[in-house]
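Listed below are the residues making up each chain.
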Amino acid sequence: MTFERITSLNRPLVNQFLERHWFTTTMIVRGEEIDMTKVDGFYLAEDGAILALLTYTVYDGVLEIISLDSLRENQGIGTALVEAAVREAGKQGCSKVVLITTNDNVDAMRFYQKRGFDMARLFRNALDRSRQLKPEIPLIGEHGIALRHEIEFERVLDTGKRN
Ligand SMILES: CC(C)(COP(=O)(O)OP(=O)(O)OC[C@H]1O[C@@H](n2cnc3c(N)ncnc32)[C@H](O)[C@@H]1OP(=O)(O)O)[C@@H](O)C(=O)NCCC(=O)NCCS
């Protein structure tokens, strides 16, 4: 599977995909706005259309996955994108890969836990703060679950360092 990296040339296509799937290019994570039109990422395309996209940012030795969307599910594309992000983290000398998901997204919780990610932190009632910045965030999320908290998952990388 060969992924394209987001560049200034393909950025309009990426932004269009994000708007279509997230209805916005601004995301609130841990009470802070993230401008999705500026983040890095990889995608899989077919006939000029994006089939799956992973976006991320890197800070303080951490690669954080900001979004992951796969339109052609159950073919290993999401897993391959996560592994590409893990490799990128290694290349950039990061010690871990993290991501935030909301408490209603049980599919993402299953997906990431089966791929080496563990629950690391709970941001209880984080969505109260998110709604102050973005009132359109619904009260009820996936599967009819009240949308309230953020959960941070992490996968610690083997950096080859020995203590
Ligand atoms: C979560 C998500 C990214 C997974 O993407 P995907 O491309 O379906 O991921 P994969 O195909 O790698 O894995 C999905 C399932 O298919 C199975 N699978 C993987 N390769 C397969 C193959 N070749 N044939 C059949 N099944 C396969 C996997 O075992 C996995 O099941 P599991 O989670 O029970 O182990 C996708 O469902 C999605 O976009 N969801 C909506 C947005 C979202 O919630 N994003 C995550 C939060 S940021």
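No experiment lies behind these values; they were computed from the predicted model shown.

1. Comments concerning the overall build of the protein
Here is step 1 of the chain: Each helix and strand counted, the protein has four helices and nine strands in total.
Here is step 2 of the chain: Listed by position from the N terminus, the elements making up the protein come as β-α-β-β-β-β-β-α-β-α-β-α-β.
Here is step 3 of the chain: Taken against the 2.2 N^0.38 rule, which gives 15 Å for 163 residues, the C-alpha radius of gyration of the protein at 16 Å falls within 12% of a compact globule.
Here is step 4 of the chain: Expressed as a percentage of its 163 residues, the buried residues of the protein come to 26%.
Here is step 5 of the chain: Taking the intrachain contacts of the protein between residues at least 6 apart in sequence as the baseline, contacts between residues at least 24 apart amount to 62%.

2. Examining the nonpolar core
The nonpolar side chains of a soluble globular protein tend to be buried, and buried together.
Here is step 1 of the chain: In this structure, L53, L54, I65, L81, A85 and V97 are the most contacted members of the largest nonpolar core, which totals 29 residues.
Here is step 2 of the chain: If you list the elements that add at least two residues to this core, you get α1 (11-22), β4 (40-46), β5 (49-59), β6 (62-70), α2 (77-91), β7 (96-102) and β9 (150-156).
Here is step 3 of the chain: Ranked by residue count, the leading element in this core is α2, at six residues.
Here is step 4 of the chain: Once residues lying within four places of it in the same chain are set aside, the contact partners of L54 are G41, F42, I65, L68, L81, V82 and A85.

3. Examining the sheet that holds β4
Here is step 1 of the chain: Pairing is mixed across the open sheet formed by seven strands, whose spatial order is β1-β4-β5-β6-β7-β9-β8. One side of each edge strand has no neighbouring strand; the edge strands of this open sheet are β1 (4-5) and β8 (118-123).

4. Quick word on α1
Here is step 1 of the chain: Here α1 contains 12 residues, and its C-alpha end-to-end distance of 16 Å stays within 8% of the 16 Å for a straight helix at 1.5 Å per residue.
Here is step 2 of the chain: All of the buried residues along α1 are V14, F17 and L18. Along the axis of α1, the buried residues cluster in a sector spanning 100°; they form a single face. Turned more than 90 degrees from where α1 packs its buried face, P12 and R20 sit exposed.
Here is step 3 of the chain: Contacts made by the buried residues of α1 are with β4 and β5.

Thresholds applied
- Residues numbered from 1 in each chain as written.
- Predicted model: local features only at pLDDT ≥ 70, side-chain atom pairs only at ≥ 80, totals over all residues.
- Helix = DSSP H or I, 4+ residues; strand = E, 2+ residues; numbered from the N terminus.
- Rg over C-alpha atoms; globule rule 2.2 N^0.38 Å.
- Buried ≥ 20, exposed ≤ 12 C-beta atoms within 10 Å, placed from the backbone.
- Contact = placed C-beta atoms within 7 Å.
- Core = buried A, V, L, I, M, F, W, Y, C linked by C-beta atoms within 7 Å.
- Pairing = 2+ DSSP bridges.
- Expected span 1.5 Å × (residues − 1).
- Arc of directions from axis to C-beta.

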